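Letter by letter, the chains look like this.
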Amino acid sequence: QWKEHSMIFAMPNKPGEFSRFDFPEVLPAPINGIWAILTNNEMLTWPEKIKFAIGLLPAILGGQAYVEAQDGLSVKDWMRKQGIPDRVTTEVFIAMSKALNFINPDELSMQCILIALNRFLQEKHGSKMAFLDGSPPERLCAPIVDHIQSLGGEVRTNSRIQKIDLNNDGTVKSFVLNNGSVIEADAYVFATPVDILKLLLPENWKEMPYFKKLEKLVGVPVINVHIWFDRKLENTYDHLLFSRSPLLSVYADMSVTCKE
């Protein structure tokens, strides 16, 4: 269920009020994004917008190579390096950092933000949002499982991996599960938190450059909270709302956004 092409931010200093960045459908990218920023006057001043735009120029012109080179800088450090006022970080990018990776701008790599921004700038609908028209297990997971099974694959849940067994050449021989069963396949995909993955990694994989990058990854605890009220909320939107809070990343009135 696609929503109108907007980004809507809560105003912590004005409870119940929201500030919008509206992307016109008639304009192509990146002009639609520039228009959305320029026409929002509640969150950023004109001097802040200009400094922000100038600071972003290297990212726009430098392409993917520039984006990848920023991995060592946090969002906050990169903003300061580009001469962008701190208020831009606290007004806009705390919400974006929380929404993308659930952590604060002083902890998140600027590479993550630039990957998203590049998409917004290059694709007309890159920042457009949608909600599922039903529950995730039924509308998202089930079709994926059906597709995998139609191609001869198998999906197992509640199957915790105890060990990854390797062949002599370092490729995967099998997965050993906690219940003692052994799984052999042509290809494997398994879902696990990064901290568990570090424990499961075979010793002779740990020194490979590809897997050594895992050392920098840290798991982030995330909680989804569902609240039921005894009446409809006032002043809400059929959309995702950015909270701009140190604790909460995004929220939505699901009785409005998801028709089922």
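Rules and cut-offs
Residues numbered from 1 in each chain as written. Predicted model: local features only at pLDDT ≥ 70, side-chain atom pairs only at ≥ 80, totals over all residues. Heavy atoms only, no water. Pairing = 2+ DSSP bridges. Helix = DSSP H or I, 4+ residues; strand = E, 2+ residues; numbered from the N terminus. UniProt positions renumbered as here; feature names shortened; annotations may be inferred. Phe/Tyr/Trp six-rings, centres within 6.5 Å; stacked < 30°, edge-to-face > 60°. Buried < 20%, exposed > 50% of the residue type's maximum accessible area, 1.4 Å probe, protein only. Lys NZ or Arg CZ within 6 Å of the ring centre and 35° of its normal. Core = buried A, V, L, I, M, F, W, Y, C linked by side-chain atoms within 4.5 Å. Contact = heavy atoms within 4.5 Å.

**Comments concerning the sheet that holds strand β7 (residues 250-251)**
Part 1: Read across the sheet, four strands follow the order β2-β1-β6-β7 without closing on themselves; strand pairing throughout is mixed. The outermost strands of the open sheet, each flanked by one partner alone, are β2 (18-22) and β7.
Part 2: Two strands pair when backbone bridges link them, and strand β1 (residues 6-10) and β2 are joined in this way by five bridges, in the antiparallel orientation. Paired with Ser6 across the bridge in β2 is Asp22.

**What about the UniProt feature "domain: Amine oxidase" (unreviewed entry) in the protein?**
Part 1: Summarizing the sequence annotation, UniProt attributes the feature "domain: Amine oxidase" (unreviewed entry) to residues 1-258 in the numbering used throughout.
Part 2: Between the C-alpha atoms that bound residues 1-258 the distance is 8 Å, and the span itself is 38% helix and 11% strand.

**Some remarks on the pairing of strand β4 (residues 172-177)**
Part 1: As paired elements, strand β3 (residues 161-166) and β4 share five bridges and run antiparallel to each other. In the sheet register, Asp165 faces β4, and the bridge partner there is Ser174.
Part 2: Alignment of β4 against strand β5 (residues 182-183), held across two bridges, turns out to be antiparallel. The residue bridging Val176 from the neighbouring strand is Val182, located in β5.
Part 3: Turn length for the β4-β5 hairpin, with the two strands adjacent in sequence and antiparallel, is four residues, and the turn residue Gly180 shows positive phi of about 95°.

**A short note on the packing of aromatic side chains**
Part 1: Using the criterion set out here, one finds eight aromatic pairs in the structure.
Part 2: Measuring from ring centre to ring centre gives 5.5 Å for Phe9 and Phe21, while their planes differ by 75°; the resulting arrangement is edge-to-face. Of this pair, Phe9 sits in strand β1 while Phe21 sits in strand β2; the two residues are twelve residues apart in sequence, bridging distant segments of the chain. The same class applies to Phe9 as to Phe21, namely buried.
Part 3: Positioned over the ring face of Trp46 is Lys49, at 4.5 Å from the centre of the ring.

**A closer look at the nonpolar core**
Part 1: Met7, Phe9, Trp78, Phe93, Ile113, Leu114 and Leu117 are the most contacted members of the largest nonpolar core, which totals 35 residues.
Part 2: For this core, the elements supplying multiple residues, two or more each, are β1, α2 (46-69), α3 (75-81), α4 (86-101) and α5 (110-122).
Part 3: The element that contributes the greatest number of residues to this core is α5, accounting for six residues.
Part 4: Sequence-distant contacts of Ile113, that is, excluding residues within four places in its chain, are made with Val75, Phe93, Met96, Ser97, Leu100 and Leu108.

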